[in-house]
Protein chains: 2
Amino acid sequence: MTRRTREAIARLRARFAEKLCTTDAVREHHSTGVTAHRTFAPDAVLFAGATEDVVDAVRICHEYRCPVIPFGTGTSTEGQISAEQGGLTIDLSGMNRILRVSVDDQDCTVQAGVTRKALNASLRDTGLFFPVDPGADASLGGMAATRASGTNAVRYGTMREVVMSVSVVLADGQVIETGTRARKSSAGYDLTRLFVGSEGTLGVITEVSLRLAPVPQRIAAAACAFPTVRAAVAAVVAALQSGIPLARAELLDALQVDACNRYSRLDLAVSPTLFLEFHGTDRSVDEQIALTSEIASEFESGEFRWATATEERTRLWQARHDIWWAALSLRPGSRGMPTDVCVPISSLPDVIVQAQQDVAELGLVAPLCGHIGDGNFHLCVLLDPADRDEQARIEQLNARLIARAHTVGGTCTGEHGIGVGKMRYLPDERGAGMATLAALKRALDPRNIMNPGKILQVDAYPAYG
Amino acid sequence: MTRRTREAIARLRARFAEKLCTTDAVREHHSTGVTAHRTFAPDAVLFAGATEDVVDAVRICHEYRCPVIPFGTGTSTEGQISAEQGGLTIDLSGMNRILRVSVDDQDCTVQAGVTRKALNASLRDTGLFFPVDPGADASLGGMAATRASGTNAVRYGTMREVVMSVSVVLADGQVIETGTRARKSSAGYDLTRLFVGSEGTLGVITEVSLRLAPVPQRIAAAACAFPTVRAAVAAVVAALQSGIPLARAELLDALQVDACNRYSRLDLAVSPTLFLEFHGTDRSVDEQIALTSEIASEFESGEFRWATATEERTRLWQARHDIWWAALSLRPGSRGMPTDVCVPISSLPDVIVQAQQDVAELGLVAPLCGHIGDGNFHLCVLLDPADRDEQARIEQLNARLIARAHTVGGTCTGEHGIGVGKMRYLPDERGAGMATLAALKRALDPRNIMNPGKILQVDAYPAYG
């Protein structure tokens, strides 16, 4: 711990008393989360109860140049919560109030610690729902900070589209509201989109205003096997070109289907499989189903297995949401390292097939699932933390995969963020734009105290003259 | 002209020869456009033919601290093209090549000078179209820079949603690509959204990558009268809550309908009227129409007047797109000053009714049209450039209107931008965020040469410490 951090913590203790915690267990808990990356514990954890707590804490940290790391539920995958240089982690999970819901405007404002499931539970009687669904029950502040998405982004958008505004505590403790409640605006630089995806490196998000969607009259879900990954992707491309508003189109490869059958007690054919969901009125869903079935059969799909009853549907999508655990159960004791490239959909089949060849060649186990409609897929690469050689091969797999994604105009991360895990790949993707990222970071956080050592090493880039 | 600008122009002439123009007519033409605001002519105009031209020009201007003003079609309404401090206007209309269209990926890349109509003409046989449609046939670079939208933003999004990436020449002449061709990404700060809506103040956009949409199987359009503005808005809110994917929902007040009847030879009832459009399959459009008719009748609408044949539909929407000219024809010789507030839709009826009262009280003529689905509406306020008193009353109207928009959580501009025309209103809207805007501007354009004097006066705000 540096002298300055020690002094900052003394000041924080005087201000926050028992809201500040420095025990090993709490510090460890706040830096590990679900990630397989090596992480570092903070020197102290503040359990914030209100924006004023965050303001006071950041002001003190600013004065002493003490790092500040925001924490929601610890479910980020790229080491975003690691205290690379020590400092103060601000746990926002206690800021869990839903501040406002407007049914007529289909929007709401929540504190950053509200989770997506808690929000949806509270919306139950409004006829509205919040559509973005990453695997974990993440906090909405964290989801905004990571620019998260999930299984129905093609239809409903990602956090980039659904966040209307955020309240942010900046590096010097000032609070700004980045947007308004208007659905669109041309009033100056888009600060909302700048903070969405900034991973805590530009400020601490304390409140989030979100667009909501009307609950569809009918939801129908189906699973459908295909002879090859290529055929499954081609069917989705054809459906989207026909203007079918697919709510969800998730691909599982044969290995992942096998894992799900065992873990979630399903009996799907062990073959590349699409999990599909249709939202709309009764008639519109009927039509979407008829059109999609026709298209799928052109690509030699198997039968559609329908899950129209709510329980069946829940079971199917629970299995989809549990694929991470299903994958890990393929080799008990493993941890998982998820890849996250996103590519133009026309390149998706080739990129997937090559990735599967790499997995085989490198002797890894890595079931695949993908948000086909937007070209994003994950390999859940099984990892033995004690096996250095395996870790090296996994990094080799990821490097090859990301290089191919870049070659076809894609990105190294569709929804997980950069954190510390993908920093080495970002310069290849952003090129000369890295200096622009650094200029923005320096402009808003000249002391480099906001989640330092994430996304980019700001000192590596000169300022614009 | 400053000495430095004179030296810059000498250097530019040596580099560009006849591509550089300094005649009065050309300089005047490049600063007036359609705006009713007072504007200033640049000292020279460069007709850029390629990104390299822009790079070389910006490098020279950077060296001599000479202002750079990007120009597309001159159809911005808030004086964005005015050369407030003289300098070089870069006309990008010659950069009009469509560089790439991918049908499978439903996207394309164009040079900044391509107009929206030119793009759509070239897409005619692809089954795709570009949906964003501001009134003018604006350039896509200009539309990105202004964060433009139009009549179908509720269904298809604004430039914020459809721009995937832009190529930008930064203030020092460096070129960056802000994004990738992936549909979504969490790879670092969202530079694309930062440049979309930056109105030329952070760099010159030279290329734009855009998402396209599949042409719907069927399009049906209708006009429908309502007893009041309030009833018309309530019907649209109810339709959106029912999940009806309205493609367009445009409100015209009685005065605007009257103007359209005369200008476009229609015979609509002179009453608040919705122009509606439905996109989808045959069956889905039938269902949308049935549901919307039912909802509209609950709000005492008149009959739907259908325009299903292409010519009829074109005539109806041509009338909608011509409302600006229809409005001006109410008082020949007038210019028009468009207001542009955007508010939460639940507040829209009150804000409209109060605005109409203000118009009457201030003795102005101002027909109204609105993009109801997203809460954005325009008064086309008729203006006699020789009448100072009228101009003062118009500014009073706009000030009251914007103050009310701010009170209900809205924005002073939904789609026209700030330019010089709305600078005085921005601090009320952005509050402490103004310093953040200034910090970003200074970080990317430390010499303040990119379209200076627009959006904000950067020197009014201190740097973050």
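Residues numbered from 1 in each chain as written. Chains lettered and ligands numbered in written order. Predicted model: local features only at pLDDT ≥ 70, side-chain atom pairs only at ≥ 80, totals over all residues. Heavy atoms only, no water.

Quick look at the overall build of chain A
So, point 1. Looking only at helices and strands, chain A has 17 helices and 18 strands in total.
So, point 2. Against the globule reference of 23 Å for 465 residues, chain A gives a C-alpha radius of gyration of 22 Å, in line with a compact fold.
So, point 3. In chain A, which comprises 465 residues, the proportion classed as buried is 64%.
So, point 4. The contacts of chain A with a sequence gap of at least 6 include a subset with a gap of at least 24, amounting to 71%.
So, point 5. Distance between charge centres in chain A, computed from 47 positive and 54 negative side chains, equals 5 Å. (Helix = DSSP H or I, 4+ residues; strand = E, 2+ residues; numbered from the N terminus. Rg over C-alpha atoms; globule rule 2.2 N^0.38 Å. Buried < 20%, exposed > 50% of the residue type's maximum accessible area, 1.4 Å probe, protein only. Contact = heavy atoms within 4.5 Å. Lys, Arg positive; Asp, Glu negative; His and termini not counted. Charge placed at Lys NZ, Arg CZ, Asp CG, Glu CD.)

A look at the interface of chain A and chain B
So, point 1. Listed as interface residues are 85 residues of chain A and, on the opposing side, 85 residues of chain B.
So, point 2. With both sides pooled, the region where chain A packs onto chain B buries about 7,000 Å², and carbon together with sulfur makes up 55% of that total.
So, point 3. Interface area lost by chain A to chain B is led by Lys184(A), Ser186(A) and Tyr189(A), which between them contribute 14%.
So, point 4. Summed over the shared surface of chain A and chain B, the number is 6 salt bridges.
So, point 5. One salt bridge connects Glu287(A) with Arg283(B), and the closest N-O pair in it is separated by 3.8 Å.
So, point 6. On the surface where chain A and chain B come into contact, there are 50 residue pairs in polar contact (both at pLDDT 80 or more).
So, point 7. At 8 residues, the largest contribution of residues to the side of chain A that touches chain B is made by helix α17 (residues 433-444) of chain A.
So, point 8. Tallied by class, the residues present in the side of chain A that touches chain B amount to 32 nonpolar, 32 polar and 21 charged. (Buried area = accessible area lost by both parts, 1.4 Å probe. Salt bridge = Lys/Arg side-chain N within 4 Å of Asp/Glu carboxyl O. Polar contact = N/O pair within 3.5 Å; in protein donor to acceptor, adjacent residues only side chain to side chain. Nonpolar A, V, L, I, M, F, W, Y, C, P; charged D, E, K, R; others polar.)

A few points about the packing of helix α1 (residues 3-16) of chain A against helix α3 (residues 51-64) of chain A
All names here are of chain A.
So, point 1. Taken N-terminus to C-terminus, the directions of α1 and α3 make an angle of 155°; their axes are 9 Å apart at the nearest point. Considering their axes alone, α1 and α3 lie roughly antiparallel with respect to each other. Note that α1 runs across α3; the crossing there is right-handed. In this structure, α1 contributes Arg4, Glu7, Ala8, Arg11, Leu12, Arg15 and Phe16 to the contact, and α3 contributes Glu52, Asp53, Asp56, Ala57, Ile60, Cys61, Glu63 and Tyr64.
So, point 2. Among the residues forming the contact of α1 with α3, the class breakdown is 7 nonpolar, no polar and 8 charged. (Axes fitted to C-alpha atoms, helices over the stretch in contact; angles between N-to-C directions. Parallel < 35°, antiparallel > 145°, perpendicular 65-115°, else oblique. Left-handed = near helix turned anticlockwise from the far one by under 90°.)

Topic: the nonpolar core
So, point 1. Counting residues in each nonpolar core, the largest one holds 197 residues, and the members touching the most others are Phe130(A), Met159(A), Leu210(A), Phe130(B), Met159(B) and Leu210(B).
So, point 2. When near neighbours in sequence (up to four residues on either side) are disregarded, Phe130(A) contacts Arg116(A), Leu119(A), Asn120(A), Leu123(A), Leu140(A), Met143(A), Met159(A), Val162(A), Leu210(A), Arg211(A) and Leu212(A). (Core = buried A, V, L, I, M, F, W, Y, C linked by side-chain atoms within 4.5 Å.)

Considering the relation of the copies chain A and chain B
So, point 1. After a rotation of 180° and a shift along the axis of 0.0 Å, chain A superposes on chain B with an RMSD of 0.0 Å. When the rotation and shift are considered jointly, the pair of chain copies conforms to a two-fold rotation axis.
So, point 2. A share of 100% of the interface residues of chain A reappears at the interface of chain B, consistent with the copies meeting face to face through the same patch. (Least-squares fit on C-alpha atoms with pLDDT ≥ 70 in both.)

Looking at a nonpolar patch on the surface
So, point 1. Together, Ile98(A), Val101(A) and Val103(A) make up an exposed nonpolar region whose accessible area comes to about 180 Å².
So, point 2. With respect to the element layout, Val101(A) can be found in strand β5 (residues 98-102). (Patch = residues over 30% accessible without salt bridge, like charges linked within 9 Å, V, L, I, M, F, W, Y side chains within 5 Å. Areas by Shrake-Rupley, 256 points an atom, 1.4 Å probe, with all protein chains shown as cover.)

Structural notes on the sheet that holds strand β4 (residues 88-91) of chain A
So, point 1. Here 4 strands make up an open sheet; going across it, the order is β1-β2-β4-β3 (chain A) and the pairing mixed. The sheet is open, and its two edges are formed by β1 (20-21) and β3 (68-71) of chain A, each paired on a single side. (Pairing = 2+ DSSP bridges.)

Looking at the pattern of salt bridges
Two side chains carrying opposite charge are able to pair once their charged atoms lie near each other.
So, point 1. Throughout the structure, instances matching the rule amount to 58 salt bridges over all chains.
So, point 2. The partner of Arg218(A) in a salt bridge is Asp286(A), and the shortest N-O contact between them spans 2.9 Å. Highlighted residues: Arg218(A) in strand β12 (residues 218-225) and Asp286(A) in helix α11 (residues 282-298), separated in sequence by 68 residues.
So, point 3. Of the residues examined, Asp286(A) reaches a relative accessible area of 39% and is grouped as partly exposed.
So, point 4. Of the charged contacts, one joins Arg100(B) and Asp107(B) as a salt bridge, the two residues approaching to 3.0 Å between their closest N and O atoms.
So, point 5. Residue classification places Arg100(B) among the partly exposed positions, given a relative accessible area of 22%.
So, point 6. The network of salt bridges with common partners includes Arg15(A), Lys19(A), Asp53(A) and Asp56(A).

Notes on the packing of aromatic side chains
Residue and element names in this part refer to chain A.
So, point 1. Across all of its chains, the model carries 8 aromatic pairs over all chains by this definition.
So, point 2. Plain terms: the ring middles of Phe275 and Trp317 are 5.9 Å apart, the flat faces sit at 85° to each other, and that makes the pair edge-to-face. Within this pair, whereas Phe275 is found in strand β14 (residues 273-280), its partner Trp317 is found in helix α12 (residues 310-321), the two being separated by 42 residues in sequence.
So, point 3. With a relative accessible area of 5%, Trp317 lands in the buried category. (Phe/Tyr/Trp six-rings, centres within 6.5 Å; stacked < 30°, edge-to-face > 60°.)

A closer look at unusual backbone geometry
So, point 1. The backbone phi angle of Arg265(A) is positive, close to 50°, even though this residue is not glycine.
So, point 2. With respect to the helices and strands, the residue Arg265(A) is situated in the loop between α10 (254-264) and β14.
So, point 3. On the basis of relative accessible area, Arg265(A) is assigned to the exposed category, the value being 69%.
So, point 4. A positive phi is found at Asn448(B), a non-glycine position, where the angle reads about 50°.
So, point 5. By the element assignment, Asn448(B) lies in the segment after α17 (433-444).
So, point 6. Taking the relative accessible area as the measure of exposure, Asn448(B) reaches 24% and is therefore partly exposed.

A look at the pairing of strand β2 (residues 44-47) of chain A
So, point 1. As judged from the 2 bridges shared by β1(A) and β2(A), these two strands associate in the antiparallel manner. Paired with Cys21(A) across the bridge in β2(A) is Val45(A).

Describing the environment of Arg424(B)
So, point 1. Of note, Arg424(B) is situated in the loop between α15 (388-407) and α16 (426-430).
So, point 2. Separated by 31 residues in the primary sequence, Arg424(B) and Ile455(B) have C-alpha atoms spaced 9.1 Å apart.

Section: the pairing of strand β6 (residues 107-111) of chain A
All names here are of chain A.
So, point 1. Where burial is concerned, most of β6 is hidden: 5 out of the 5 residues are buried.
So, point 2. Here β6 shows two buried faces, one formed by Asp107, Thr109 and Gln111 and the other by Cys108 and Val110.
So, point 3. Direction of pairing for β5 relative to β6: antiparallel, over a ladder of 4 bridges. Residue Arg100 lies in a different strand from β6, and its bridge partner there is Thr109.
So, point 4. Linkage of β5 to β6, two consecutive antiparallel strands, is achieved through a turn of 4 residues, within which Gln106 is found at a positive phi near 50°.

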